[in-house]
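Examination of the molecular architecture
Listed here are the chains, written in short residue letters.
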Amino acid sequence: MPMKTKNLLTTMAIALTLLLAGKVGWGQTNPIPQSLPFSQNFDGLAHSSTSYPNGFQGWTISTSPSSSFNTSAPTADRSLIASSTAETNSGNVHNYDGKIGFLNTGSLDLSVIFAINTKDLKDISVSYDIMTIRNPYDSSKKNTRINEVTLQYRIGTTGGFTNLTGIEYQNDTTKQTTAVTTPQNLQTKNIVLPSECNDQEIVQLRWASRQVSGGGSRPSFAFDNISITGVLIPKITLNPLSISFAYLESNGPSAEQSFTVEGSNLTDDITVTPPTNYEISLTSGSGFAGDPIVLNHTGGTVNSTPIYVRLKSGLAAGNYNENISVTSTGAATKNVSCSGTVYLPEPSDHVTGFTATVDGNSQITLTWTDATGGTAPTGYLVMANTTGTFTDPVD
């Protein structure tokens, strides 16, 4: 029993070690992505609150601020510090009474992050107010620090971030270190996110800063009146995405197959265009032609509509693998893959007079009379083995 107890304790210790190691590896909290359109002015956030609004979180990016924007993944969460003002000089993420922001130190590179869901949307437009709250700039005391802030993004919840340019913000040289939360040098920034942020379940955006010039104490920055919108993406949906056809030469057209087309968020009608060797129709059993079909949208919607397809008659034996193209302005082109085969008919006559003559020990001579009349074969397959047992070939 003592040995079993020791093993149990050892196992528990190992499990606890693994659990703790896993906890350290988690690093940071990823806020729940918010649906668009999204807006946040923090009016509902009490100055005394230590809870982040939905979709927001504070992070530590690193412990070494530099002259470059740090694009690395975060290393830890930061608590929201309540009731902060321009007098607050602790490095942290702060609740500045109707806006939130951060104050870096020589050993803390911080950020405020928020997450959005852009599924089915494009042209994601972001607008926000940025300001300085604490500004210790005072050349007489050698506080001459100028820092700069920009917005960064990443898709998903892992990996590094990418800087957005053209929206950089810097503190000015007006001192403000008293117990106020008055916005200083307030500016409104607007940007349309890169196209890779379109139609994503998770896009994370964060403000990060870098040191530009000077030395001494650092300024704090805050953010307010955040507004994010997107434009609905026109979409075409097809089902199924592939269909097959076949017939014997001179016995076309093929039996019909079908697929459905529907559209949403459209700005134009849907056009269904058949390839060279296929015909389409809106009616089962009739009306087949090689011309495009236009499906008119109503209020941006085309309800599920069946399209009937067949492989044209009169085709020579061979394979006809082509795509039906389905298009609408602004929507991604969709295709239905059509796999078609025209087979040669079975021969109606066969060779006659087939003989096999052994010539010595190394050669067998075969002779026959070709098939004539009716449907003649296009070639012959000769099989040989030493057992006399054959497996029928497959076309």
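Residues numbered from 1 in each chain as written. Predicted model: local features only at pLDDT ≥ 70, side-chain atom pairs only at ≥ 80, totals over all residues. Heavy atoms only, no water.

1. A closer look at the overall build of the protein chain
Per the secondary structure count, the protein chain includes 1 helix and 26 strands. Over its C-alpha trace the protein chain gives a radius of gyration of 36 Å, far above what one expects of a compact globule, namely 21 Å for 395 residues. Summarising its shape, the C-alpha atoms of the protein chain cover approximately 115 × 75 × 45 Å along the three principal directions. Across the 395 residues in the protein chain, those meeting the buried criterion constitute 39%. Counting contacts in the protein chain only where the partners sit at least 6 residues apart, residues at least 24 apart contribute 72% of the total. Accessible area of the protein chain: about 20,400 Å², with a carbon and sulfur share of 50%. Looking at charge distribution, the protein chain has the averaged site of its 21 positive side-chain charges lying 24 Å from that of its 30 negative ones. (Helix = DSSP H or I, 4+ residues; strand = E, 2+ residues; numbered from the N terminus. Rg over C-alpha atoms; globule rule 2.2 N^0.38 Å. Buried < 20%, exposed > 50% of the residue type's maximum accessible area, 1.4 Å probe, protein only. Contact = heavy atoms within 4.5 Å. Areas by Shrake-Rupley, 256 points an atom, 1.4 Å probe, with all protein chains shown as cover. Lys, Arg positive; Asp, Glu negative; His and termini not counted. Charge placed at Lys NZ, Arg CZ, Asp CG, Glu CD.)

2. A look at the pairing of strand β20 (residues 278–281)
Burial of β20 is two-sided: the residues Tyr278 and Ile280 facing one way and the residues Glu279 and Ser281 facing the other way are all buried. As defined by bridge partners, β20 adjoins strand β22 (residues 302–311) across 4 bridges and the pair is classed as antiparallel. Paired with Tyr278 across the strands is Leu311, a residue of β22. (Pairing = 2+ DSSP bridges.)

3. Brief notes about the confidence of the model for the protein chain
Taken residue by residue, the protein chain gives an average pLDDT of 91. The fraction at 70 or more is 92%. pLDDT under 50 marks residues 1–26. Its contacts with residues more than four places away, or in other chains, come to 0 contacts. (pLDDT = per-residue confidence, 0-100.)

4. As for a nonpolar patch on the surface
Taken together, the side chains of Phe354, Val358, Ile364, Leu366, Trp368, Tyr380 and Val382 make up a nonpolar region of the molecular surface, amounting to roughly 660 Å² of accessible area. For the nonpolar patch, the elements supplying multiple residues, two or more each, are β25 (352–359) and β26 (363–369). For the nonpolar patch, the element with the most residues is β26, which contributes 3 residues. Within the secondary structure, Trp368 is located in strand β26. Among the residues examined, Trp368 registers a relative accessible area of 32% and is labelled partly exposed. (Patch = residues over 30% accessible without salt bridge, like charges linked within 9 Å, V, L, I, M, F, W, Y side chains within 5 Å. Salt bridge = Lys/Arg side-chain N within 4 Å of Asp/Glu carboxyl O.)

5. A few points about the pattern of salt bridges
Pairing is possible between side chains of opposite charge, provided their charged atoms come close. Considering all chains together, one arrives at 6 salt bridges under this definition. Of the charged contacts in the structure, one is a salt bridge between Lys175 and Asp138, with a shortest N-O distance of 3.4 Å. One end of the pair, Lys175, is in the loop between β12 (169–170) and β13 (184–192); the other, Asp138, is in the loop between β9 (121–132) and β10 (146–155), with 37 residues separating them in the sequence. Accessibility expressed as a relative area gives 42% for Lys175, which makes it partly exposed. Taking relative accessible area as the criterion, Asp138 reaches 15% and is therefore assigned buried. For Glu279, the salt bridge identified is with Arg310, shortest N-O distance 2.8 Å. Of this pair, Glu279 sits in strand β20 while Arg310 sits in strand β22; the two residues are 31 residues apart in sequence, bridging distant segments of the chain. Residue Arg310 is classed as partly exposed on the basis of its relative accessible area, which comes to 23%. Residues joined in a network through salt bridges with shared partners are Lys119, Asp120, Asp199 and Lys235.

6. Considerations on the nonpolar core
Core analysis: the largest hydrophobic core is formed by 36 residues, its most contacted members being Phe56, Ile116, Leu193, Leu205, Trp207, Ile226 and Ile228. Every element with two or more residues in this core is listed here: β7 (100–103), β8 (109–117), β9, β10, β14 (203–213) and β15 (220–232). If you tally residues by element for this core, the top one is β9, at 5 residues. Sequence-distant contacts of Ile228, defined by excluding residues within four places in its chain, comprise Leu36, Pro37, Phe38, Phe114, Ile116, Ile124, Ser125, Val126 and Leu205. (Core = buried A, V, L, I, M, F, W, Y, C linked by side-chain atoms within 4.5 Å.)

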